[in-house]
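Structural features, examined
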Amino acid sequence: MRHITLNNGIRMPILGFGVYQIPAEQTERAVTDALAAGYRLLDTAAAYGNEEAVGRAVRNSGISREELFVTTKLWVQDAPAEHNTRRAFETSLTKLGLDHVDLYLVHQPFGDVYGQWRAMESLNREGLAQAIGVANFYPDRLIDLILNNDITPAVNQIETHPFFQRADYQELMRERGVQIQSWGGFAEGRNDLFANPLLAEIGKEYGKSVAQVVLRWLTQRGVVAIPKSVRPERMAENFDVFDFELTDEQMTAIATLDTGKSLFFDHRDPAMVERLGKHRVDA
Ligand SMILES: NC(=O)c1ccc[n+]([C@@H]2O[C@H](COP(=O)([O-])OP(=O)(O)OC[C@H]3O[C@@H](n4cnc5c(N)ncnc54)[C@H](OP(=O)(O)O)[C@@H]3O)[C@@H](O)[C@H]2O)c1
């Protein structure tokens, strides 16, 4: 299964390429290499400062637009957010040099989220954002957003990796028609993930690396993954996960690595709400 179908019928690759923390001047090279390795889903954000470079790589790739799935994200907006959101979207679209995006996400559950969402619903109805969704929404906020708006988010992009697996939340989202997408699928290497003995042992059986076991585990669970790398050999390695299958026993063994806690930060921590919620990105 290389694609999943979102709640509005749009098809999305189950494995893509993320560009967070790739400096703008390295991003065109990295995305060009990722497209050459076979990736067709690209994940950027206004806050990453590299949308222009992503757009250049897309335009110079020679790959038809219909084959590509481009995601970008709206940073936190003040109330009333309808006007600000549309302006921020138009800035992103101009930077990307595209006439539409495939997925537009509310990046953080802060600011005038309901105003942001109403504006995104309009962008979706106009076909400028083929699908709309959210990121970093914990269940309480996701359910409330669903209950009080017309369009159910197609995607919730959340921290998901072997040490924070989100299985119960994935099930809740499935019941509501929201696709889970993992960010930080490798936990950015924290907890010594790439040397994890259990994941390494499982990989040995198939001649696969820890990174490949993690991506296989995510995609086999139906989680969309977007690993980041600036190295072409790792991009190729991370894309080569569709020729083996983990057994039920191996999936159960990997489940024991779950700590049920973030390795980064809690979006409900008041200090974090204040830090991220006050930050603004020029648009
Ligand atoms: N919505 C949000 O709030 C949010 C937050 C964070 C991330 N994201 C998205 O999710 C994407 C992925 O998350 P992430 O970038 O934070 O981290 P990640 O994919 O978990 O980890 C990236 C790190 O792993 C290394 N790496 C990649 N492949 C490897 C391999 N095969 N073997 C060993 N090391 C490897 C990379 O180093 P090299 O580059 O040197 O290879 C980099 O240091 C982001 O790029 C972004 O698009 C979204």
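That block above? That's the structure.
Model, not experiment: these values are computed from the prediction. (Residues numbered from 1 in each chain as written. Predicted model: local features only at pLDDT ≥ 70, side-chain atom pairs only at ≥ 80, totals over all residues.)

**Some thoughts on the site of the ligand**
As a reminder of what qualifies: Nearness is defined per residue: the C-beta atom, placed using the backbone, must lie within 6 Å of the molecule or strand. Helix numbering and strand numbering both begin at the N terminus, where a helix is a DSSP run of H or I of at least 4 residues and a strand a DSSP run of E of at least 2. Classes in brief: Ala, Val, Leu, Ile, Met, Phe, Trp, Tyr, Cys and Pro nonpolar; Asp, Glu, Lys and Arg charged; the others, Gly included, polar.
What surrounds the ligand is a group of 27 residues, the closest being Gly18, Trp183, Phe186, Ala211 and Lys228. A per-element tally of the shell around the ligand places helix H9 (residues 232-239) first, with three residues. The residue makeup of the shell around the ligand, split by class, is eleven nonpolar, ten polar and six charged.

**Quick word on the environment of aspartate 78**
For the record, the criterion: To sort residues by burial, count the other C-beta atoms lying within 10 Å of each one's C-beta; a count of 20 or more means buried, 12 or fewer means exposed, and anything in between means partly exposed. C-beta atoms are built from the backbone. By the convention adopted here, residues make contact when the C-beta atoms placed from their backbones lie within 7 Å.
Secondary-structure assignment places aspartate 78 in the loop between strand E5 (69-74) and helix H3 (81-96). By C-beta crowding, aspartate 78 is classed as exposed, having 11 other C-beta atoms within 10 Å. Taking the C-alpha atoms as reference, aspartate 78 lies 47 Å from aspartate 243; in sequence the two are 165 residues apart. If near-sequence neighbours (up to four positions away) are discounted, aspartate 78 is found in contact with Asn84, Gly111 and Asp112.

**A word on the nonpolar core**
For clarity, the threshold we go by: Here, a nonpolar core denotes buried Ala, Val, Leu, Ile, Met, Phe, Trp, Tyr and Cys residues that are linked to one another through C-beta atoms within 7 Å.
Membership of the largest hydrophobic core comes to 78 residues, with the highest contact counts inside it found for Tyr104 and Val214. Element by element, the count of residues in this core is highest for helix H8 (residues 210-220), at seven residues.

**A few points about the pairing of strand E7 (residues 129-135)**
As a reminder of what qualifies: Two strands qualify as a pair provided DSSP detects at least 2 bridges between them. If the strands point away from the viewer and the path from the first strand over the helix to the second runs clockwise, then the crossover is right-handed.
The element E7 is largely enclosed, with a buried count of seven among its seven residues. Relative to E7, strand E6 (residues 101-106) runs parallel, the two being bridged by five bridges. The residue of E7 that forms the bridge with leucine 103 is alanine 131. One crossover worth recording links E6 to the parallel E7 by way of helix H4 (residues 113-125), and it is right-handed. Where E7 and strand E8 (residues 155-159) come together, two bridges link them in parallel fashion. The residue bridging valine 134 from the neighbouring strand is asparagine 156, located in E8. Handedness of the crossover joining E7 and E8 through helix H5 (residues 139-147): right-handed.

**Brief notes about the pairing of E6**
In regular strands, side chains alternate between the two faces of the sheet. Burial within E6 is extensive, with six of its six residues counted as buried. Of the strand pairs in this sheet, E5 and E6 are connected by four bridges, and their pairing is parallel. Paired with lysine 73 across the strands is leucine 105, a residue of E6. Handedness of the E5-H3-E6 crossover: right-handed.

**Structural notes on the packing of helix H7 (residues 197-206) against H8**
Worth spelling out the cut-off: For helices, the fitted line uses only the C-alpha atoms of the stretch in contact; every axis is such a line through C-alpha atoms, and the angle between N-to-C directions lies from 0 to 180 degrees. Just so you know how the angles are binned, under 35 degrees is roughly parallel, over 145 roughly antiparallel, 65 to 115 roughly perpendicular, and the rest oblique.
Contact geometry for H7 and H8: axes closest at 8 Å, N-to-C directions at 90°. The pairing of H7 with H8 is recorded here as roughly perpendicular in orientation. Contacts from Leu199, Ala200, Ile202 and Gly203 in H7 reach Val210, Gln212, Val213 and Val214 in H8. Of the residues in the contact of H7 with H8, the class split is six nonpolar, two polar and no charged.

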